[in-house]
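The primary structure of each chain is shown beneath.
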Amino acid sequence: MNMSAESNPGTKESFLEEALQRLQADDIVILDDFLGYEKSKAPFFDRVEVAHEFLDLLTFKIKESKSRMSKEVLTQFSLDFLRDTLKQYGYNPKFVGIQCKALITYYQNQKNLDKAIEVCEFLIRHGITDDDSKGFHVRLDELHRLKKRVEEKGIDLRSLKFPTEEEDEDGEE
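Residues numbered from 1 in each chain as written. Predicted model: local features only at pLDDT ≥ 70, side-chain atom pairs only at ≥ 80, totals over all residues. Heavy atoms only, no water.

**Q** What is the right way to look at a nonpolar patch on the surface in this model?
**A** A grouping of Ile28, Val29 and Val73 is seen on the molecular surface, where their side chains present a nonpolar patch of about 210 Å² in accessible area. With respect to the element layout, Val73 can be found in helix α4 (residues 71-89). (Patch = residues over 30% accessible without salt bridge, like charges linked within 9 Å, V, L, I, M, F, W, Y side chains within 5 Å. Areas by Shrake-Rupley, 256 points an atom, 1.4 Å probe, with all protein chains shown as cover. Salt bridge = Lys/Arg side-chain N within 4 Å of Asp/Glu carboxyl O. Helix = DSSP H or I, 4+ residues; strand = E, 2+ residues; numbered from the N terminus.)

**Q** Would you take a moment to explain the environment of Cys100 for this structure?
**A** Structurally, the position occupied by Cys100 is in helix α5 (residues 93-109). Separated by 22 residues in the primary sequence, Cys100 and Ser78 place their C-alpha atoms 8.6 Å from one another. Leave out the neighbours within four places in its chain, and Cys100 touches Leu82, Val119, Phe122 and Leu123. (Contact = heavy atoms within 4.5 Å.)

**Q** It is not clear to me how the confidence of the model for the protein should be interpreted in this structure. Could you clarify?
**A** Should pLDDT be low for a region, the predicted coordinates there are not to be read in detail. Chain-level statistics for the protein give a pLDDT mean of 84 and a share of 82% at 70 or above. The low-confidence segment residues 1-7, where pLDDT is below 50, has 17 contacts with residues more than four positions distant or belonging to other chains. (pLDDT = per-residue confidence, 0-100.)

**Q** Mind showing me how you'd approach α5 here?
**A** The first and last C-alpha atoms of α5 sit 24 Å apart over 17 residues, in line with the 24 Å expected at 1.5 Å per residue. N-capping of α5 is provided by Asn92, with a side-chain oxygen placed 2.7 Å from the backbone N of Lys94. (Expected span 1.5 Å × (residues − 1). Polar contact = N/O pair within 3.5 Å; in protein donor to acceptor, adjacent residues only side chain to side chain.)

Dropping the structure here:
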C-alpha cells in the first residue's frame, strides 16, 4: 500500500498497522509514505495520532540493534519531523523529551557530539525538560565540556564511553 496518494489516505489504523509491518521489514520507503499521510486530507487529529505512534515506532527501530535500516537516516528524519511539527501538533513535552533522549543516546554512542548537542539545544530552546534524568541543560553542558576536551587534547572519540540510559538514570537517584 502506497500512502503517498494525498487524496485517499486510508484509515489511521490501517496505516499504522502497515507502517509497523514495513518497519519490521526494514522498508525505508515507509518514511516517504508517512510524510504522504501527514500531508493528506486525513483529519488533523488522526494525523497527529499517527505521527505520535509512528515516532514511537521509529524510536524503537533506532534502539533496535539488529535493524538493517540506516539509523543515521532514521534519527535525522525523526529530529527533522519533530522540529517541523512541534508547534503545529502540540506534542506533550514529555513525549518529545523521550523521543529526543533516544536520539541523544544514539548520537553519543556513535560519538557524534555535534548532533547530540544539536538535539539538546533543540529541547532547551523549546523549554522541554527531562523529568526522568539529570536534565538536558546538564547533559548539554557535559557534551560541550567533552567536545572541548576532545578538541584541545586530541582525544580519540572512539575511546569515549557514555553511560547507557539505564546507568544514567540509576546514577541520579
